[in-house]
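A closer look at the structure
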Amino acid sequence: MKKVKIDKIKNQIIVTVDSKLYPLEAVYGAAYVFLDKAYLRLDGNPKKEILVILKGKKELTEKQLEKLKDEFLNELLNYGLRYKISESNKKIREYVVGKALFSAMPPEIEETEEKDEDWQKDDLGIAVPWEEKYEKGK
Amino acid sequence: MIKIIELNKNFYNLKAVKRTAKAYKELARFSIKDTGKKIEVTMKNIDEDVKDVIEDEFCNYALSEVKDG
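Residues numbered from 1 in each chain as written. Chains lettered and ligands numbered in written order. Predicted model: local features only at pLDDT ≥ 70, side-chain atom pairs only at ≥ 80, totals over all residues.

Moving on, we get to the overall build of chain A. Counting secondary structure elements, chain A contains four helices and four strands. Along the chain direction, N to C, the helices and strands of chain A fall in the order β-β-α-β-β-α-α-α. The buried share of chain A, reckoned over its 138 residues, is 18%. A separation threshold of at least 6 residues defines the contact pool for chain A, and within that pool the share at least 24 residues apart is 56%. (Helix = DSSP H or I, 4+ residues; strand = E, 2+ residues; numbered from the N terminus. Buried ≥ 20, exposed ≤ 12 C-beta atoms within 10 Å, placed from the backbone. Contact = placed C-beta atoms within 7 Å.)

Every contact between the two is made by twelve residues of chain A and, on the other side, nine residues of chain B. Of all the secondary structure elements, the ones that give two or more residues to the side of chain A that touches chain B are helix H1 (24–33) and strand E3 (38–44) of chain A. At five residues, E3 of chain A tops the list of elements feeding residues into the side of chain A that touches chain B. Looking at the side of chain A that touches chain B residue by residue, the class counts come to eight nonpolar, one polar and three charged. (Nonpolar A, V, L, I, M, F, W, Y, C, P; charged D, E, K, R; others polar.)

It is worth spelling out the nonpolar core at this point. In this structure, Val 27, Leu 40, Val 52, Leu 54 and Leu 76 of chain A together with Tyr 12 and Ala 62 of chain B are the most contacted members of the largest nonpolar core, which totals 38 residues. Setting aside chain neighbours within four positions, we find Val 27 of chain A in contact with Val 17, Tyr 22, Ile 50, Val 52 and Leu 76 of chain A. (Core = buried A, V, L, I, M, F, W, Y, C linked by C-beta atoms within 7 Å.)

Moving on, we come to the environment of Arg 29 of chain B. Residues and elements named next belong to chain B. By the secondary structure assignment, Arg 29 is in strand E2 (residues 29–34). Arg 29 sits in the exposed class, given 12 other C-beta atoms within 10 Å. Considering only alpha carbons, one finds Arg 29 and Asn 45, 16 residues apart in sequence, at a separation of 5.9 Å.

Next up on the list: the pairing of strand E1 (residues 3–7) of chain A. A regular strand places its side chains on the two faces of the sheet in alternate fashion. Residue and element names in this part refer to chain A. Of all the five residues making up E1, zero are buried; the element is thus mostly uncovered. Here E1 pairs with strand E2 (residues 12–18) via five bridges, running antiparallel. Across the sheet, residue Ile 6 finds its bridge partner in E2, namely Ile 13. Hairpin connection from E1 to E2: four residues lie between these consecutive antiparallel strands, with Asn 11 at a positive phi of about 60 degrees. (Pairing = 2+ DSSP bridges.)

Take the sheet that holds E1 of chain A next. All names here are of chain A. As summarised here, the arrangement of the four strands in space is E1-E2-E4-E3, forming an open sheet in which the pairing is antiparallel. Of all the strands in the sheet, just E1 and E3 have a single pairing partner and so form its edges. Strand after strand, the sheet turns through a mean of 15 degrees between neighbouring axes, direction not considered. Here E3 pairs with strand E4 (residues 49–56) via seven bridges, running antiparallel. Considered in E4, the bridge of Asp 43 is made with Leu 51. Set on the sheet, H1 makes contact with E2, E3 and E4; between it and E4 the angle comes to about 5 degrees. (Axes fitted to C-alpha atoms, helices over the stretch in contact; angles between N-to-C directions.)

Attention shifts here to helix H3 (residues 90–104) of chain A. Counted at 1.5 Å a residue, the expected span for H3 of chain A with its 15 residues is 21 Å, and the 21 Å between its end C-alpha atoms agrees. Judged by how many residues are buried, H3 of chain A sits mostly at the surface: zero of 15 residues are covered. (Expected span 1.5 Å × (residues − 1).)

Residues and elements named next belong to chain A. Here H1 crosses helix H2 (residues 62–88) at 135 degrees, and the two axes come no closer than 8 Å. By the angle class used here, H1 and H2 are oblique. For the pair H1 and H2, the crossing hand works out as right-handed. Each of Glu 25, Ala 26, Val 27, Gly 29, Ala 30 and Val 33 in H1 lies in contact with H2, whose residues at this interface are Phe 72, Glu 75, Leu 76, Tyr 79, Gly 80 and Tyr 83. Tallied by class, residues from the contact of H1 with H2 come to eight nonpolar, two polar and two charged. (Parallel < 35°, antiparallel > 145°, perpendicular 65-115°, else oblique. Left-handed = near helix turned anticlockwise from the far one by under 90°.)

Given below as structure tokens:
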């Protein structure tokens, strides 16, 4: 469950996120999207509750703060789902990448043994050593 | 003027904070202390033009640096 505290005087909202529902990666993801829109600070315990402090870059009305909070929660949901999907597809993704890399490898060169190679034949008798050839005649 | 920011080490790392201080070195004098659970950043001699926003901008920059590792 998420708890939200709006502080109009400080121009900020504090969203308490249950890390069992939204992992830290999802909170980081949503926070990065909001770096341009607001000042953010993270606090709390990532194993229990994460505090996301969103502060308006300009002076915001209560309605605008509410809107900022709602947009952040939507983004949080978006990143939470993305994270969940990426986790559940992790194995198949690894398999697909592995398969793609494997098929991109060059085929192994087969070593063929040529038993009857031409160079081994000595039709002209060139390979016979000189001593051997002429000693016979003595 | 002195400002102190405390950043939770569960979310921010020292490397990212140091990189942020380096990026902001023209705007203030920084000293960083690791207090165990928190990283304490002390800002001194803050540039007059940015004194109202430097704290928040520093935190945003540090968060973006965490992402980059």
